[in-house]
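Topology and contacts: notes
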Amino acid sequence: MLTDHETGLIRVVPYSFHLIVDFAVGVVFLAAPFVLGFKGIDFAYYVVNALAVLTVVSLHKPEAAEPQTLVAATLLSIANLSSPAFSADEYNTSSGLTAAGAPLGMHGVDPVTFVNLGNRIDGAARHTAVHDGVAYYFSSKETMDKFTAKPAGYLPQNGGFCTFGVSVGKKFDGDPQFAAIVDGKLYLFLNEEIFREFQKDEAGTIAKDGGKPVLIRARGAVEAIRCKTDLLAGVSHVAAFPDLHPGKYGPVGSAILADRIYPQLIGNDIGCGMSLFALDLPARKLRLDKAAQKIRVLEEPWHGDPGACLAADGLPTDLHPVALGTIGGGNHFCELQELDSLSDDCLLAGTDIRKGDLMLLVHSGSRSLGMAVFGTVLESFSGLDLDSTVGRTYLAAHNDAVRWASLNRRLIAERAARALRSDLRLVADAPHNLIEEHDDGLLHRKGAAKADMPLVPLAGSRDALSYLLVPKANRPEALASLAHGSGRKYDRRSMAGRAGTTRSDRDGLIRTSFGGHVICEDRQLLIEEAPNAYKDPNQVLDDLRTSDLAQSVATLKPLLTFKKAVNRELAAARRDKHGGCDGADPSSALVTLSGNQIPEFTNTWIGTVQWICKSPFRAHHRRQNWYVGVFSIDNSDLPEIDLETSALRIETFRSGGPGGQHQNTTDSGVRVTHLPTGLVAVSTDERSQHRNRRVALDRLVARFILKREESLARDRSAQNQLHRLLERGNPVRVFKGEGFAEMKNQAGGRR
Ligand SMILES: Nc1nc2c(ncn2[C@@H]2O[C@H](COP(=O)(O)O)[C@@H](O)[C@H]2O)c(=O)[nH]1
Ligand SMILES: [Mn+2]
């Protein structure tokens, strides 16, 4: 056995040598305090360290590695408790961990010999392959290579859980001693008794597992969704899809019908969705390296005409123009893909797409517009009544954000297409975070694609195929929705230990197994969004197919994924200014106060506050005096909108909206102007003037709230400049030390 010292002078040494060195260190540490006459804490320090080293060395038995494995296993399982590892939910890894700490599948039995020859042979740790976070042992390199080339051909069904258990909705250990191969697929069972039960009705038991894909693949999330929807009043129907996973406010991959509006179910990225476009450029003509340079334009602000674009899409001409044409952070992306296969041309007749075409898949939402809209109802955990002013106002602003997000995806695609000198046409636009008014209630889709349309994209990951789906129309229980992606397997925080841990690992993250490129110059984001953070999209597709919810008509191969580029000149300038660091730490903070004695309180703080202490963050900095400027900002004079006053001008006009013939005979369109602010809202959405008036008023209120949010944000950034006015000296309060003890003046008052 060898040990690998990644940072040592001699990297790989025999394990026995490693043990001898450790043993010698232990003996020296034990002898040193006696020889050198140490006492007290020094004595204890050496003895405790010596005993720890010698205990670990003594645990080793050369012929069997179990003790170390056990220690590692215990530590790892404790570590795993604190970071959700969904793979434990999807795969049966009850046989423990490998020596390297990965969960072990199939009880260490070689799945390839089992499937190919029906032989149950134990694999060896030296032939280990890891798939989806689970390790499998193989009896030879040949079987391991076979598995790596095509894992799906050898993996046990139902994640290695007992097939009979799964058929009755339970997850029991699947023991390879009790196994069956049916149609080339491997099924495992808990014990002999259960295995005999299975033999009574093989086909029936296997068929039953196909009906429960969600329960098998995401049990934790299903339990979470049940809890969540049990707590919400007025929920009448829930549909969950195979990409289901826990989200910040609620389950992602779900459609929920309720009689109230639950903004929390949608969160702040209102209108997020996937839009797929076909380019007029065949993949064979693409120069990937050149395209990678050109597509960086997406990081620059967009310089188009926002007013014209917004108006053309029936949106207010000044609705959040600043962020238009840009992707945003998180897992949003613009991906250049090749149409890899097309299953049935006639199904796609309308779209005129062919194998070998270049496509763009854009995933983006409503940026800070959605955040501002959500910010107005952040605390409405018990939902909003559709007939309340706040409910209608939220929904109107939400609807605008959904349309804004769709327009934004189109603008992003147009920018990318222009950079690649190509035209483009829309193939599918499917939002997946939105609320819709339906006859039987309010349909909340969170990470569930709107599927009452001919084609729906299903995103894989930047290193997996994506798919184009045709939804099945005859499944009302799916609430006109579908899976939107593969869904997260690991949360963002836990990705730090799962990807990009070594330099070569990190370098690998910007290449894909399809020979593609990834542009993501934010290292943390690159790791958080690594392909292994996601479930297998092929499995999601399989689940959709077996549940008869959709069929795939095209596969899309990722070539170039754009997420985030750094403007190198700007970054260098910023680094120079901040003396080598990027100046990313916050230099000011905004504190909002409420209550009735605010002036009395703030008067004792406004001015300069001094802190006397060596900085715990800058150990070598000699400075001991730090100053903070405290300024008061009063935003209580922002006007409230009052719809009952004569401050409104309401005009009607002949509408070009969906009024059909009706539109020519009456003035159904309504324009409302709020005279003090000049804000205008228009509606031609409805046939009746009365309803258009209501919609326009709702829009006006929503726009007013947005304006307030935007102006507050602007004020905040102006106020952040205040720290430049800081006076160093003459402090109103002085604090000392890491405990911030306040220093008093001679009269015993504040200094
Ligand atoms: N083709 C790509 N798909 C990706 C990428 N990163 C993530 N994804 C998939 O998109 C969905 C988006 O999920 P959401 O809940 O945040 O809307 C996710 O489930 C993945 O399947 C990528 O770079 N390329
Ligand atoms: Mn999304």
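Residues numbered from 1 in each chain as written. Chains lettered and ligands numbered in written order. Predicted model: local features only at pLDDT ≥ 70, side-chain atom pairs only at ≥ 80, totals over all residues. Heavy atoms only, no water.

Here we come to the site of ligand 1. Around ligand 1, a shell composed of 19 residues is seen, among which Asn331, Glu335, Gly460, His484 and Ser486 lie nearest. Between alanine 459 and ligand 1, the recorded distance is 3.2 Å, taken from a backbone N or O atom to an oxygen atom. Glycine 460 has a polar backbone atom sitting 2.6 Å from an oxygen atom of ligand 1. Calculation on ligand 1 without its partners gives an accessible area of 510 Å², and the protein chains cover 93% of this total. Taken together, the residues of the shell around ligand 1 break down into 5 nonpolar, 12 polar and 2 charged. (Near = heavy atom within 4 Å. Polar contact = N/O pair within 3.5 Å; in protein donor to acceptor, adjacent residues only side chain to side chain. Areas by Shrake-Rupley, 256 points an atom, 1.4 Å probe, with all protein chains shown as cover. Nonpolar A, V, L, I, M, F, W, Y, C, P; charged D, E, K, R; others polar.)

Here we come to the pairing of strand 13 (residues 433–438). Across 6 bridges, strand 13 lies against strand 14 (residues 441–446) in antiparallel orientation. Across the sheet, the residue bridging to isoleucine 435 is histidine 444, located in strand 14. Linking strand 13 to strand 14, which pair antiparallel, is a turn of 2 residues. (Pairing = 2+ DSSP bridges. Helix = DSSP H or I, 4+ residues; strand = E, 2+ residues; numbered from the N terminus.)

Next up on the list: the environment of isoleucine 270. Here isoleucine 270 is to be found in the loop between helix 12 (263–266) and strand 9 (273–282). Spatially, the C-alpha atom of isoleucine 270 lies 6.1 Å from that of valine 402, the residues being 132 residues apart in sequence. For isoleucine 270, the contacting residues outside a window of four places in its chain are Gly365, Ser366, Gly370, Val373, Phe374, Tyr394, His398, Ala401, Val402, Ala405 and Asn433. (Contact = heavy atoms within 4.5 Å.)

Geometry reference: four tetrahedral donors at a metal, ideal angle 109.5 degrees. Six octahedral donors, ideal angles 90 or 180 degrees. Coordination sphere of the manganese ion (ligand 2), protein contribution only: Cys272 (SG), His363 (NE2) and His432 (NE2), at 2.2 to 2.4 Å. Histidine 363 gets classed as buried once you look at its relative accessible area, which sits at 5%. (Donors = N, O, S within 2.8 Å, 3.2 Å for Na, K, Ca; no water. Buried < 20%, exposed > 50% of the residue type's maximum accessible area, 1.4 Å probe, protein only.)

In this fold, lysine 450 is placed in strand 15 (residues 448–450). On the accessibility criterion, lysine 450 (17% relative accessible area) is buried. Of the polar contacts made by the side chain of lysine 450, one reaches the side chain of aspartate 452; its length is 3.0 Å. When residues no more than four places from it in sequence are discounted, the contact partners of lysine 450 are Ala430, Pro431, Leu434, Glu436, Arg445, Val456 and Ala480.

What follows deals with the sheet that holds strand 25 (residues 679–683). Here we have 3 strands laid out as an open sheet, ordered 23-24-25, and antiparallel in their pairing. Each edge of the open sheet carries a strand with a single partner, namely strand 23 (648–653) and strand 25. Taking each pair of neighbouring strands and ignoring which way they run, the sheet shows an average axis angle of 15°. Pairing geometry for strand 23 and strand 24 (residues 669–674), over 6 bridges, is antiparallel. When the sheet's bridge partners are listed, leucine 648 is paired in strand 24 with histidine 674. (Axes fitted to C-alpha atoms, helices over the stretch in contact; angles between N-to-C directions.)

The next thing to look at is the side chain of aspartate 429. Mapped onto the fold, aspartate 429 is located in strand 12 (residues 424–431). Side chain to side chain, aspartate 429 and serine 275 meet in a polar contact 2.7 Å long. One polar contact links aspartate 429 to arginine 409, side chain to side chain, over a distance of 3.0 Å. With residues up to four places along the chain from it excluded, the contact list for aspartate 429 reads Met274, Ser275, Ser406, Arg409 and Met453.

Ranked by size, the top nonpolar core spans 27 residues in total, and within it Tyr394 and Trp404 carry the most contacts. Ranked by residues supplied to this core, first place goes to helix 16 (residues 389–419) with 8 residues. Residues within four places of tryptophan 404 in sequence aside, it is in contact with Leu310, Leu315, Leu319, His320, Ala323, Leu324, Gly365, Ser366, Arg367 and Leu369. Leu298, Leu360, Ala413 and Ala416 belong to the second largest nonpolar core, which has 26 residues in total. (Core = buried A, V, L, I, M, F, W, Y, C linked by side-chain atoms within 4.5 Å.)

Attention now moves to the UniProt feature "active site" (unreviewed entry) in the chain. Those places that UniProt annotates as "active site" (unreviewed entry) correspond, in this numbering, to His484. With respect to the helices, strands and loops of the structure, histidine 484 is situated in the loop between strand 18 (481–483) and helix 17 (503–508). Ignoring any residue separated from it by four or fewer positions in sequence, one finds histidine 484 in contact with Asp243, Val252, Met274, His432, Gly447, Ala448, Ala449, Pro457, Leu458 and Ala459. For histidine 484, the side chain forms a polar contact with the side chain of aspartate 243, separated by 2.6 Å. (UniProt positions renumbered as here; feature names shortened; annotations may be inferred.)

Bringing helix 16 into the picture now. Note on helix geometry: an α-helix contains 3.6 residues per turn, so any two residues three or four positions apart are oriented the same way. With 31 residues, helix 16 extends 45 Å from end C-alpha to end C-alpha; this agrees with the ideal 45 Å at 1.5 Å per step. After helix 16 finishes, the residue arginine 421 shows a positive phi value of roughly 55°. (Expected span 1.5 Å × (residues − 1).)

Let's shift gears to unusual backbone geometry. The phi dihedral of histidine 320 falls on the positive side, at around 40°, and the residue is not glycine. Positionally, histidine 320 belongs in the loop between helix 14 (306–312) and strand 10 (333–342). The residue aspartate 352 is not glycine, and still its phi comes out positive at about 55°. You can see aspartate 352 is positioned in the loop between strand 10 and strand 11 (357–364). On the basis of relative accessible area, aspartate 352 is assigned to the partly exposed category, the value being 39%.

Below, the discussion takes up the UniProt feature "binding site: Mn(2+) 1" (unreviewed entry) in the chain. With numbering matched to this structure, UniProt assigns "binding site: Mn(2+) 1" (unreviewed entry) to His332. Looking at where histidine 332 falls in the secondary structure, it is placed in the loop between helix 14 and strand 10. With relative accessibility at 12%, the residue histidine 332 sits in the buried group. Residue contacts for histidine 332: discarding those within four places in its chain leaves Asp269, Cys272, Ile327, His363, Ser364, Gly365 and Lys563.

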